[in-house]
Amino acid sequence: MLRGFTLLELLITIAVVSVLLTAAAPSFQNILETNKMQRLASELHGFVILGKSKAVLRRERLWAHVIMSGGSSNNGDWRIELTDNGAEGAGTVLLSFSGEPYSDIVVDPSYASDQISFDDVHGRPSSGNIRFYPVGESSKALKLITHTLSARVRVCSDNNNTEFFGYSTCS
């Protein structure tokens, strides 16, 4: 007697697996979205902290320019460059952060001249924020917030009532 599966058994198995995958796909998308938002939040936070440290180490004022290359920020066509000059495109680029891995996330900076300046003594960043969220889901926004007086940098959920992606509310 030969051992193996019949064609009917294989078709039933494939049908059951297909139904299970179809049910699991939306949950998997949420996991990917959460991971991407958490990575962006962590990398933005780290970039600003590194900018503060570089300003103190070099004992000079530095600027992080938020450069939006395309017509929209949700295609990953943006970057942040830490330079030693207040004018965009001038000076030496010390660090660069690309938005390319973060397509499908809208990035909206709220800084004067779309730049964060770091003072040369304490590395204090200029006050402002960068708000970011998945395309079409602005209610799930996170914010990277910097404060000049306290030199504090933090990431939080921009929704006053709900935590998103593991970050507490900004209030």
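It should be noted that the structure appears before, not after, this text.
The paragraphs below set out a description of the structure included in this document.

Attention now goes to the side chain of Ser157. As for its placement among the helices and strands, Ser157 is situated in strand 8 (residues 153–157). Classification of Ser157 by relative accessible area gives buried; the value is 0%. When near neighbours in sequence (up to four residues on either side) are disregarded, Ser157 contacts Ala141, Leu142, Thr162, Glu163, Phe164, Tyr167, Ser168, Thr169 and Cys170.

On to the sheet that holds strand 6 (residues 128–134). Strand order across the open sheet formed by 4 strands is 4-6-7-8, with antiparallel pairing between neighbours. Among the strands making up the open sheet, the edge pair consists of strand 4 (105–110) and strand 8. Taking the axes of each pair of neighbouring strands and ignoring which way they run, one obtains an average angle of 15 degrees across the sheet. Contacting strand 4, strand 6, strand 7 (142–146) and strand 8, helix 1 (residues 7–58) crosses the sheet at an angle of about 160 degrees to strand 6.

All right, on to unusual backbone geometry then. Phi is mostly negative for residues that are not glycine, and the peptide bonds are mostly trans. Even without being glycine, Asp104 reaches a positive phi, approximately 70 degrees. With respect to the secondary-structure elements, Asp104 resides in the loop between strand 3 (93–98) and strand 4. Even without a glycine there, the phi angle at Phe165 is positive, about 55 degrees. Inspection of the secondary structure puts Phe165 in the segment after strand 8.

Our next topic: the pairing of strand 2 (residues 78–83). Of all 6 residues that make up strand 2, 5 are buried, and the element is covered over most of its length. With 6 bridges joining them, strand 1 (residues 62–68) and strand 2 adopt antiparallel strand pairing. The residue of strand 2 that forms the bridge with Met68 is Trp78. Sheet analysis places strand 2 next to strand 3, joined by 5 bridges and oriented antiparallel. When the bridges of strand 3 are listed, Ile80 appears paired with Phe97.

A word on the pattern of salt bridges. Under the criterion given, the structure shown has 6 salt bridges. For the salt bridge of Asp158 with Lys143, the shortest nitrogen-to-oxygen distance reads 3.4 Å. Placement of Asp158 in the segment after strand 8 and of Lys143 in strand 7 is noted, with a sequence separation of 15 residues between them. For Asp158, a relative accessible area of 24% corresponds to the partly exposed category. Judged by relative accessible area, which is 19%, Lys143 ranks as buried. A single salt-bridge network, built from bridges that share partners, covers Glu33, Glu137 and Lys140.

Right, let's get into the state of the cysteines. Note: disulfide means a covalent bond formed between the sulfur atoms of two cysteine side chains. Throughout the structure, instances matching the rule amount to 1 disulfide. For Cys156, the disulfide goes to Cys170, at an S-S distance of 1.9 Å. The chirality of the disulfide connecting Cys156 with Cys170 is right-handed, given an S-S dihedral of about 90 degrees. Of the two residues, Cys156 sits in strand 8 while Cys170 sits in the segment after strand 8, which places them 14 residues apart along the sequence. Assigned by exposure class, Cys156 and Cys170 land together as buried.

This part takes up a nonpolar patch on the surface. Residues Leu8, Ile12, Val16 and Leu20 make up a contiguous nonpolar surface patch of roughly 410 Å² in combined accessible area. Relative to the assigned elements, Ile12 resides in helix 1. By relative accessible area, Ile12 is classed as partly exposed at 48%.

The rules behind the values
- Residues numbered from 1 in each chain as written.
- Predicted model: local features only at pLDDT ≥ 70, side-chain atom pairs only at ≥ 80, totals over all residues.
- Heavy atoms only, no water.
- Helix = DSSP H or I, 4+ residues; strand = E, 2+ residues; numbered from the N terminus.
- Buried < 20%, exposed > 50% of the residue type's maximum accessible area, 1.4 Å probe, protein only.
- Contact = heavy atoms within 4.5 Å.
- Pairing = 2+ DSSP bridges.
- Axes fitted to C-alpha atoms, helices over the stretch in contact; angles between N-to-C directions.
- Salt bridge = Lys/Arg side-chain N within 4 Å of Asp/Glu carboxyl O.
- Disulfide = S-S within 2.5 Å.
- Patch = residues over 30% accessible without salt bridge, like charges linked within 9 Å, V, L, I, M, F, W, Y side chains within 5 Å.
- Areas by Shrake-Rupley, 256 points an atom, 1.4 Å probe, with all protein chains shown as cover.

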